[in-house]
Amino acid sequence: MFKLSEIREKEIININNGERIGYADDFELNLEEGYIDGIVVGGMGKMLGLFGKNTEMIIPWNDIVRIGTDIILVDYKGELLE
């Protein structure tokens, strides 16, 4: 089991191209079915969560390959944030 605070400390890496995606900001939950839909990654350029672009992407939970001690490996084929 893990906590959101622990997940937020792990960098997300795409195994398709080795690109650093960022860090998890939140989870997207399906409360009706009782499971996690994905990890929400905030857009770059925000300072203290207040200033900058308000873009985010959601990495589906099924795209997560492994959650390690330092990183989260994902097999993400969607469009990345710029």
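1. Some words on the overall build of the chain
Then step 1. For the chain, the helix and strand inventory stands at 1 helix and 6 strands.
Then step 2. Put simply, the chain runs from its N terminus to its C terminus through helices and strands in the order α-β-β-β-β-β-β.
Then step 3. Put simply, the chain has 82 residues, and 29% of those count as buried.
Then step 4. Relative to all contacts within the chain whose residues are 6 or more apart in sequence, the contacts with residues 24 or more apart total 36%.

2. As for the side chain of Asp63
Then step 1. Structurally, Asp63 is set in the loop between strand S4 (56–60) and strand S5 (64–67).
Then step 2. Of the buried charged residues, Asp63 lacks a salt bridge, with Lys77 as the closest side chain of opposite charge at 6.4 Å.
Then step 3. Each residue touching Asp63, except ones within four places of it in the same chain, is listed here: Leu73, Val74, Asp75 and Tyr76.

3. Digging into the side chain of Lys10
Then step 1. The topology assignment puts Lys10 in the loop between helix H1 (4–7) and strand S1 (11–14).
Then step 2. Buried Lys10, no salt bridge; nearest opposite-charge side chain is Glu6, N-O distance 6.1 Å.
Then step 3. A distance of 2.9 Å separates a polar side-chain atom of Lys10 from the backbone oxygen of Gly68.
Then step 4. For Lys10, the residues in contact, after removing those within four places along its chain, are Gly22, Tyr23, Ala24, Ile67, Gly68, Thr69, Asp70, Ile71 and Ile72.

4. Observations regarding the confidence of the model for the chain
Then step 1. Per-residue confidence for the chain averages 83 on the pLDDT scale, and 82% of its residues sit at or above 70.
Then step 2. Taking the mean pLDDT of every element in the chain, the minimum, 80, falls on H1 and the maximum, 95, on strand S6 (residues 71–74).

5. Some remarks on the pattern of salt bridges
Between side chains of opposite charge, a pair can form as their charged atoms come close.
Then step 1. Inspection of the entire model under this criterion finds 3 salt bridges.
Then step 2. The salt bridge involving Arg8 is made with Asp25; its shortest N-O contact spans 4.0 Å. A residue pair is termed long-range when its members are at least 10 positions apart, and Arg8 in the loop between H1 and S1 and Asp25 in strand S2 (residues 20–30) qualify at 17 residues.
Then step 3. Two residues, Lys77 and Asp75, come together in a salt bridge whose shortest N-O distance is 3.0 Å.

Criteria and thresholds
- Residues numbered from 1 in each chain as written.
- Predicted model: local features only at pLDDT ≥ 70, side-chain atom pairs only at ≥ 80, totals over all residues.
- Heavy atoms only, no water.
- Helix = DSSP H or I, 4+ residues; strand = E, 2+ residues; numbered from the N terminus.
- Buried < 20%, exposed > 50% of the residue type's maximum accessible area, 1.4 Å probe, protein only.
- Contact = heavy atoms within 4.5 Å.
- Lys, Arg positive; Asp, Glu negative; His and termini not counted.
- Salt bridge = Lys/Arg side-chain N within 4 Å of Asp/Glu carboxyl O.
- Polar contact = N/O pair within 3.5 Å; in protein donor to acceptor, adjacent residues only side chain to side chain.
- pLDDT = per-residue confidence, 0-100.

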